[in-house]
Each structure stands twice: as structure tokens, then as C-alpha cells.
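Structural overview
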Amino acid sequence: MNKVLRKFSIYELVLIAVMAALGIAVKPVVVPVAHLIAGPLMIPRGALAGGIYCGKRI
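Residues numbered from 1 in each chain as written. Predicted model: local features only at pLDDT ≥ 70, side-chain atom pairs only at ≥ 80, totals over all residues. Heavy atoms only, no water.

Comments concerning the overall build of the protein chain
- Of regular secondary structure, the protein chain possesses 3 helices and 0 strands.
- The N-to-C order of helical and strand elements in the protein chain reads α-α-α.
- Counting only residues that meet the buried cut, the protein chain has 10% of its 58 residues in that class. (Helix = DSSP H or I, 4+ residues; strand = E, 2+ residues; numbered from the N terminus. Buried < 20%, exposed > 50% of the residue type's maximum accessible area, 1.4 Å probe, protein only.)

Rendered as C-alpha cells:
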């Protein structure tokens, strides 16, 4: 096993994989909703979508 991976337990590696999969699964839903909201507010769509998409992990 790689030195980097040895620092994490199996539980933590599974948790990382699940969070990554959820991020990929949620993106197609979040981006169109962000574009819908950003249009009337005259906010750059990419900035709003990126903020929502990345901010959900915190």
C-alpha cells in the first residue's frame, strides 16, 4: 500500500470514496438550479454554481 494511503484507516478511505461519489452525483442537479437562480439576479452563473457545489462540503 502507498505511504499516503497508510495514514488513513479503511473507514476513512471508504468515507472519502462515498463523499466523492456523492459530489459527482449531486453536480448535475446543483448546476441547473444555480443557473436558474443566478439569471434573474445578474450574478455570474459559474461563480454561483461553483460556490454552491463546493460550499456544500463544509
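Thoughts on the confidence of the model for the protein chain
- Put simply, the protein chain has an average pLDDT of 80, and 88% of its residues get 70 or more.
- Looking over the protein chain, one finds the lowest element-wise mean pLDDT in helix 3 (residues 45-55), namely 72, and the highest in helix 2 (residues 10-41), namely 85. (pLDDT = per-residue confidence, 0-100.)

Some words on a nonpolar patch on the surface
- On the surface, Ile10, Tyr11, Val14, Leu15, Val18, Met19 and Leu22 cluster together into a nonpolar patch covering about 710 Å² of accessible area.
- Here Ile10 lies in helix 2. (Patch = residues over 30% accessible without salt bridge, like charges linked within 9 Å, V, L, I, M, F, W, Y side chains within 5 Å. Areas by Shrake-Rupley, 256 points an atom, 1.4 Å probe, with all protein chains shown as cover. Salt bridge = Lys/Arg side-chain N within 4 Å of Asp/Glu carboxyl O.)

Here's the deal with unusual backbone geometry
- If you check the backbone angles, Met42 has positive phi at about 60 degrees while not being a glycine.
- Here Met42 is to be found in the loop between helix 2 and helix 3.
- Judged by relative accessible area, which is 74%, Met42 ranks as exposed.

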